[in-house]
Structure formats: structure tokens, C-alpha cells
Amino acid sequence: MKPEPTRVVYGRTLVELGERNPRLVVLEADIAKSTNTFQFQKRFPERFFQAGVAELNMVCMAAGMATTGLLPFCSTFAVFASMRACEGVRTSICYPRLNVKIVATNGGVEICGDGVTHQAVEDIAITRSFANIAVLAPSDPVTTRNATLAIAEYDGPVYMRLGRQTAAVLHPDNQAFEIGSMIRLRRGDDLAIVACGNMVEQALVAAAELDKEGIRARVLDCHTIKPIDREALRAAARETRGIVTAEDHNVVGGLGGAVCEAVAEECPTIVRRVGLQDRFASSGRDYRKLLAQYHIDAPAIIAAARDVLATSRSHAADRAEPAGAGHVCR
Amino acid sequence: MTGWNSETAARLQDLARELRCDIIRMITEAGSGHPGGSLSAIDIVTYLYFHLMRVDPANPGWEDRDRFVLSKGHCSPAPYAALARRGYFPREVLWTLRDVGSPLQGHPDMRKTPGIDMTTGSLGQGFSAATGIALGGKCQGKDFRVYCMLGDGEVQEGVVWEAAMAAAHYRLDNLVAVVDNNKLQTDGATAEIIGIEPLEEKFRAFGWEARRIDGHDFNAIHEAFAWAQERAGKPHAIVADTVKGKGIREMEGDHRWHGLPPTREQAERFLKELGEEVAV
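Residues numbered from 1 in each chain as written. Chains lettered and ligands numbered in written order. Predicted model: local features only at pLDDT ≥ 70, side-chain atom pairs only at ≥ 80, totals over all residues.

S.K.: Go over the sheet that holds strand S11 (residues 217-221) of chain A with me, naming the residues and quoting the values.
M.R.: Backbone-to-backbone hydrogen bonds pair the strands of a sheet. The strands run either parallel or antiparallel. All names here are of chain A. Strands sit in the order S9-S11-S10-S13-S14 across an open sheet of five strands; the sheet is mixed. With one partner strand each, in any of the chains shown, strand S9 (183-186) and strand S14 (271-276) form the two edges of the open sheet. Within this sheet the neighbouring strands show an average axis-to-axis angle of 25°, counted without direction. Where strand S10 (residues 191-195) meets strand S13 (residues 243-250), four bridges bridge the pair, whose relative direction is parallel. Within S13, the position partnered with Val 194 by the bridge is Thr 245. (Pairing = 2+ DSSP bridges. Helix = DSSP H or I, 4+ residues; strand = E, 2+ residues; numbered from the N terminus. Axes fitted to C-alpha atoms, helices over the stretch in contact; angles between N-to-C directions.)

Rendered as C-alpha cells:
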């Protein structure tokens, strides 16, 4: 595949799914050009439904449609899908466990110029707090295509967060994909970087930099935040000296929160969370500069990695253990 | 739809009286619930389940069945009583309302109760889902109908009008909305909280056919639903003027009975008034 915004890959994959599954319908809230559901609209106009600027009604209508045996995909910006439509997703979709897929674009601060009103830095935290839902944030064109195909097969509510900007190809075209299983992109036993969405690319950049200093960072593409891959986290905690999480999201409750919850229960270790540090971002003309401004990028991951290793050493010294012995959990 | 005569109306009226007794009993047993709105709704609910709707209690998931969505989900005792009497589950189950392990949740749960077509209770969402069910039926060429009951206080929710706009846009003439207009909500008179009238004009302005009836007159109910069968390319709204707590003088028109369960003494008195002698 080639570098593309994940939303473009989603739009194209929806058409592919529509060819195969006549029960698939798409609902949209007046931003089809942006979410790319227009691709499906062009091919299957009779199975494409505008809700207009009415996101709560869109998700509740989708719930009703699902009860008639249809497979609805709803798309809008992440900020509206997770917040304006929040209670509908929770009560009318997740509670009755209806087979509705919410695929939201412009997750994180990637819609840079529009500013805070259109950035979604809480959506992962909000949606993953609902029972019965799976939450995904694929990183690149390959996993986005795989994830779109996988959620159509998955029986139950899904929230999938996509980006806006062009995403580099990080995985081979034949990459295996399973909801709930992290993909290891790089080996390493000094520390693990667990990232989702657009931060996976930054994690790889950071790991390459760290490698020059002789630090071997394992990079895990955590495309599924819920259910989180506890096995991969347990291994990362046991085999390395600590974990850095990286997400284009508030550090409260998102990927970092999910990783901390799992690690605290499975095998406590040092965790540093890279993301928006519990504040709002702002407009920015260049999305990479905006991410840098708010320390959501490779340099921030590198700094967090160094902090993990330094903290690990100081903890080891406190316990009078040999530094770099790895982490042993009971 | 089967025929209609004065005997049909009398039969339904007597059935509704029995279901009123079940409503009083189950809310008293539960020790919490919403009697006022359940009693204002029950005549129309009775008409739907015992005369109009094409349903099969032996096959609750039948995909071509007509649907009933109680968007004012807090009045779940009304459909629960009707479903039990219609044979979806044993009547004894009614006395487990709101208890741990009961299939009868405080608000309707489509996964737990046979015959419940949509999980509802967060006001406005059920109407929106009903619109989706009607749209789902239309786009699959199915001829089932969707009947959705809303409360008058409920129409204050913005999503009700989002759904109303969408239903008209998609020409959902398989959708009928009934507003159980008992004119009282939790905190008092609807007109004093946030006025909602004129309701028919509002629905018409949103592209619906609309009319107003006495929601306790079975002949009027029948006539209105017959009118609503017209496939005019528009959804139909029936504004049913009703009395909160209908059938029990002490409750009628008193907003405090919105969410107040009767005591056992009150329940006995109410059942007696409804013509039942059995103690609860």
C-alpha cells in the first residue's frame, strides 16, 4: 500500500465491504467528503443515509437499523461521535450490544487548523469506559484496511478512531491482524514503546534514534485499545525495564491509562505517558509543528524513554540490585 | 387489521382495566416505578398489542413483525403487563419487576424481555431508534410498521426533533408516533416547565401528518390508527390527550404520581376502585 490518510483507506475499504455484504449500510452526518464515506455513497446511494448535522440521531437511528438485521457503519468526526453522540452510543448501542460500527475521523489534534472545538483528545477515554464495545485506533493504511475488514466481521459495537493527515506505511501488505492483539514492529528489551494511531510512526522514529545510543526499544502497535492485549503488556513489563505509551490524546484515560491499568494488575513496572498533558491544544497551521508544540512526537518519546531507564536504574540502586537486570514480577 | 365494533371497544376497555391492575400490583411489589404515565399510556398500549399490531408471541424475534418502541421507557409496566397477558412470558414474572435477576428491568431492555423491540429509557433516544427501525424496514422492502410512544415531557429533548426531521426526510410512512400527552412531567405541569404546544403544528411543520385525539376513547384511538395506516409518504403523529394516573381518582392529574409507588394500603384501595378484590 502507499502513504495515505487512514480515512481514505477506510472509505475505499467500505466500498469493498459493501460489494460483499448487502446488509452493510452507512450513516453520515454531513461530512462525507472528509470522512470519505462519499466513496460508499457514490457506489451504493441506496444504502447511504445522511443524518445531517445531528450526530445523536445518527447513532440512535443506526441502533434501530441494526435491530432489523442491517450492519450500520456511522461516521463523523471523533469529537462529535464520542461526545455529542456519547449517550446514544452508550445506551442505544453498547447496552443492547447492537452491531453498530462507529468509525470516527480526525482523532487527536490532526485537524490542526480548526482548533480545540474540532480536536478529539478524549474520545478513547470516553468510549473505552463503555461495556460491550471494542475500541480501535489503527496506525497506517495497512492496519486501517485490516481493521475495517475485521470490525465488519466482529459481532458487536465498535468505536474506531482514524486520523486526518497522510499516514506512512508501517506494516507489510500481508500483515496479519487480529482485534485485541498488538503487533510488534521492532524488537528490543531495554524498554517498550506502546503506541496507537499516528504515534506509532513517531515511536519507530524514536526507537531508531534510541538505537544509535545503544538503547533497544521494542515498538508495539496497539491498534486495539479495548480489549487491550494483556499478554503483550505482561511480556513487555517482564522483559524490559519500563514502558512508554504514546498517543495523540489526553494522557488521562486513553491508551496510557489503559496500559497503566493492565500493567498495574499484570506486572507493575515504570510507565511514562506521552500525549497531551491534561490540557487543551490550540490551532496550528502545520500538524507536525502542533504535535511538537505539545510534546506529542518522537523527541517526547525519546525523553520519556530516557526517563524510564534513569528511573529504573535509580529504583534498582535503591534495591541494591544490578542495573539492567530486567524487571521481575511475582 | 380485524374488524371493529362497539364490542371490540368494550373488550379492549375491560382488558385495559385488568392491565391497570397489573401495573398497580407490579409497581407496588417493586417498591418503585412510574404509575402515572403507565396508566395514561395503557389504553393505547392495549389497543396496539390486542388489536392492531401484527406480532407473534411465540416468535418474538419474527423479522416481519410490527414493532412497538416505548420511547418514554420509564412507563415500562404498561408494555410489560400487555406482553405478559399476550403470552410472551408468564404473568408471575410481572411481580419480579426491578428485582435483581428479573427479565423486567426498570426501563425496557430488548435483550432481557421477550417482546421488547428496543432498549429505551433515555428520553428521545427511543424515538430516534424507532425512526431507524422504520428506515431499516423501508430500505429492505419490508412492510412492517413501527409504533413509537413518547411522553409529552420527552418532546422537550432535542433529539426528538432531529428524528422527526429525519423521519419526514426519508418519507417514513411506516412510522407512527404517539405522544401520550398527559400534560404532567416530574416537576409539575408540562406547560409550566417548558411548554410544548402546539404539538400538531410542530409535527406538521416538520413534515408529518398529525392529529389529536382523546387517548382514552377506544373508538377515537381506533379511528386515529386507521388514519395513520395511510401510506402518504409521510410519517404520522397522534397527539393523544390523556390523564396521568387514569383510572384511579386519587392519582388522576397529580404529577406527584409520576415516579411514586403506591403503598400496599393505597394499592388495595386502587385495585378495589378498578374492580379487583384481591389483596396484594
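There is more to say, and it comes next.
S.K.: Give me the lowdown on the interface of chain A and chain B, citing residues and values where you can.
M.R.: Note on interface size: it is often stated as the accessible area lost on association of the parts. At the interface, 23 residues of chain A touch 23 residues of chain B. Those elements giving two or more residues to the side of chain A that touches chain B turn out to be helix H4 (55-67) and helix H6 (86-94) of chain A. (Contact = placed C-beta atoms within 7 Å.)

S.K.: Mind laying out helix H10 (residues 230-239) of chain A, listing which residues take part and the relevant values?
M.R.: Residues and elements named next belong to chain A. By the burial criterion, the buried members of H10 are Ala 232, Leu 233, Ala 236 and Ala 237. Buried residues of H10, viewed axially, fall in a sector of 130°; they line one side. Structurally, H10 contributes buried residues whose contacts are with S10, S11, S13 and helix H11 (255-266). (Buried ≥ 20, exposed ≤ 12 C-beta atoms within 10 Å, placed from the backbone. Arc of directions from axis to C-beta.)

S.K.: Give me the lowdown on the packing of helix H1 (residues 6-30) of chain B against helix H9 (residues 264-273) of chain B, citing residues and values where you can.
M.R.: All names here are of chain B. Contact geometry for H1 and H9: axes closest at 10 Å, N-to-C directions at 175°. One element, H1, and the other, H9, form an angle in the roughly antiparallel class. Here Cys 21, Ile 24, Arg 25 and Thr 28 of H1 lie close against H9, whose contacting residues are Arg 264, Ala 267, Phe 270 and Leu 271. (Parallel < 35°, antiparallel > 145°, perpendicular 65-115°, else oblique.)

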